[in-house]
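Each chain is listed here by its residues.
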Amino acid sequence: MLTGLFVTGTDTGVGKTVISAALLRHLRLSGATPGAMKPVETGVQPGAEALSDGGRLLAEVAPLQTLQEVNPYRFRQPLAPFDAARLEGTRVDLEDIVRKYRRLTERFRPIVVEGAGGLLVPVGDDWSVRDLIVALNLPVVVVARTGLGGINQALLTLEALRQAEGRIIALVLNQTVPPRDAVEEVQQRSTVELLGPRAGVPVIGPLHYLAGLSENWSETIEMLAHSEGIRQLADRVAEKP
């Protein structure tokens, strides 16, 4: 099994946390002892950490990890990490994240690391989420939306990873909103069909829209953890590096 993997997305709100949480639960139910890490998160209000991305991931690995281990950098403003940190008079330390990740590898396998926003989001003065992936030397799962524009976003993200010689495990297509009419159904189906032969990596999904996710988070993640798409992703993670 891989030591760890990095879950990035083509944009914010494409379902990185949903996929990461479902994968963690599937791995745990399969007998593994996975760890979780959301190195940087913004838009986290004091007292509401349980509803944050880091808090959602912590719920899948507790009590073996603490929130600080899962989410070492949290900021209030819902901005790009670099700006959110700057407004609080601090910065995100790339080497510190790498050290903390390596400590987790001594206790857990695999470590599911979730990024913030998209691949080129600035995190430090001169580094982005992509630079973090390179520093951690992790293979990548890319989460993309099935709606209109999803093809371009997915292919651009894959290309940017290949420019950095990134290893890509899979492209996971996620239905972030239900189709409202027949036109949107065709658009989403077209996205899936056209990406298949163009991605150059295994394409998983689409994972269908999950109604009531926020209100029934744990139950919905349980259902998704048993889905064919997450099983396929877990199989990819279990393959020899």
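See the structure above.
Reading guide: rules and limits
- All residue numbers refer to position in the chain's written sequence, counted from 1.
- In view of the model being predicted, local features appear only for residues whose pLDDT reaches at least 70, and side-chain atom pairs are presented and counted only at 80 or more, with totals across whole chains, interfaces and linings using the full set of residues.
- Water and hydrogen atoms were dropped before computing side-chain values, which therefore reflect all heavy atoms in the structure.
- Under the scheme used here, helices are H or I runs from DSSP no shorter than 4 residues and strands are E runs no shorter than 2 residues, and both carry numbers assigned from the N terminus.
- The classification of residues rests on relative accessible area computed with a 1.4 Å probe and restricted to protein chains. Under 20% of the type maximum is buried, over 50% is exposed, and intermediate values are partly exposed.
- Two residues qualify as a contact provided that any one of their heavy atoms is within 4.5 Å of a heavy atom in the partner residue.
- For the accessible areas, the method is Shrake-Rupley and the probe is 1.4 Å, while residue cover comes only from the protein chains on display.
- Counted as positive: Lys and Arg. Counted as negative: Asp and Glu. His and the chain ends are not counted at all.
- For charged residues, the charge sits on one atom: NZ in Lys, CZ in Arg, CG in Asp, CD in Glu.
- Two strands form a pair only when DSSP identifies at least two bridges running between them.
- Helix axes are fitted to C-alpha atoms over the stretch in contact, other axes to C-alpha atoms as well, and angles between N-to-C directions run from 0 to 180 degrees.
- Just to be clear on terms, a salt bridge is a Lys or Arg side-chain nitrogen sitting within 4 Å of an Asp or Glu carboxyl oxygen.
- Two rings belonging to Phe, Tyr or Trp (six-membered ring only in the last case) form a pair when the distance between their centres is within 6.5 Å. Interplanar angles under 30 degrees mark stacking, angles over 60 mark edge-to-face geometry, and anything in between is tilted.
- Whether a charge sits over a ring comes down to the Lys NZ or Arg CZ being within 6 Å of the ring centre and within 35 degrees of the ring normal.
- Arc, as used here, means the arc of the directions from the helix axis to the C-beta atoms.
- Throughout this description, a polar contact denotes any pair of N or O atoms lying within 3.5 Å of each other; where both atoms belong to protein, one of them has to be capable of donating a hydrogen while the other can accept it, and for residues adjacent in sequence the pair is counted only when both atoms sit in side chains.
- Here, expected helix span is obtained from the residue count minus one, scaled by 1.5 Å.

### Let's talk about the overall build of the protein
Item 1. Counting secondary structure elements, the protein contains 10 helices and eight strands.
Item 2. Projecting the C-alpha coordinates of the protein onto the three principal axes gives extents of approximately 50 × 40 × 35 Å.
Item 3. With 241 residues in all, the protein has 50% of them scored as buried.
Item 4. Pairs at least 24 apart in sequence give 77% of the contacts found in the protein among residues at least 6 apart.
Item 5. Surface exposure of the protein reaches about 11,300 Å², of which carbon and sulfur atoms provide 51%.
Item 6. With 25 positive and 28 negative side-chain charges, the protein shows a spacing of 4 Å between the two charge centroids.

### Considerations on the side chain of Gln65
Item 1. Tracing the chain through its elements places Gln65 in the loop between helix H2 (53-61) and helix H3 (67-70).
Item 2. Among the residues examined, Gln65 registers a relative accessible area of 5% and is labelled buried.
Item 3. In this structure Gln65 touches Pro34, Gly35, Ala36, Leu58, Val70, Leu104, Arg107 and Phe108, once residues within four positions along its chain are discounted.

### What to know about the sheet that holds strand S5 (residues 111-118)
Item 1. Here we have six strands laid out as an open sheet, ordered S2-S5-S1-S6-S7-S8, and parallel in their pairing. In the strand order of this sheet, the two ends are held by strand S2 (35-37) and strand S8 (203-207), each with one partner. On average, adjacent strands in this sheet sit at an angle of 20 degrees to one another, irrespective of strand direction.
Item 2. The pairing of strand S1 (residues 4-9) with S5 spans five bridges and is parallel. Each residue of the ladder has a partner; that of Gly9, found in S5, is Gly118.

### Topic: the pattern of salt bridges
Item 1. This model, assessed by the stated rule, comprises 14 salt bridges.
Item 2. For Lys38, the salt bridge is made with Asp53, and the minimal N-O distance between the two is 3.2 Å. A residue pair is termed long-range when its members are at least 10 positions apart, and Lys38 in the loop between S2 and strand S3 (40-42) and Asp53 in helix H2 qualify at 15 residues.
Item 3. Between Asp93 and Arg91 there is a salt bridge, and its shortest N-O distance comes to 4.0 Å.
Item 4. On the accessibility criterion, Arg91 (56% relative accessible area) is exposed.

### Looking at the packing of aromatic side chains
Item 1. This model, assessed by the stated rule, comprises zero aromatic pairs.
Item 2. Over the face of the ring belonging to Trp217 we find Arg56, whose NZ or CZ atom lies 4.3 Å from the ring centre.

### Focus: helix H10 (residues 228-238)
Item 1. Along H10, the residues that are buried comprise Gly229, Ile230, Leu233, Ala234 and Val237. Take H10 and look down its axis: the buried residues cluster within an arc of 135 degrees, on one side only.
Item 2. Looking at the packing, one finds that the buried side of H10 touches S1, helix H1 (16-29), strand S6 (140-145), strand S7 (168-174), S8 and helix H9 (217-225).

### A word on the side chain of Thr191
Item 1. Along the chain, Thr191 falls in helix H8 (residues 182-198).
Item 2. From its side chain, Thr191 meets the backbone oxygen of Gln187 in a polar contact 3.0 Å long.
Item 3. Not counting the four nearest positions on each side in its chain, Thr191 is found in contact with Arg145, Thr146, Gly147, Gly150 and Ile151.

### Re helix H7 (residues 150-163)
Item 1. Between its terminal C-alpha atoms H7 stretches 20 Å, which fits the 20 Å expected from 14 residues at 1.5 Å a residue.
Item 2. Along H7, the positions that sit buried rather than exposed are Gly150, Ala154, Thr157, Leu158, Ala160 and Leu161. Along the axis of H7, the buried positions cluster into a sector of 160 degrees, meaning they face one direction only.
Item 3. Those residues of H7 hidden inside the fold are in contact with S1, helix H6 (129-136), S6, S7 and H8.
Item 4. Looking one or two residues past H7, Glu165 carries a phi angle of roughly 60 degrees, positive in sign.

Honestly, it's all geometry; don't read function into it.
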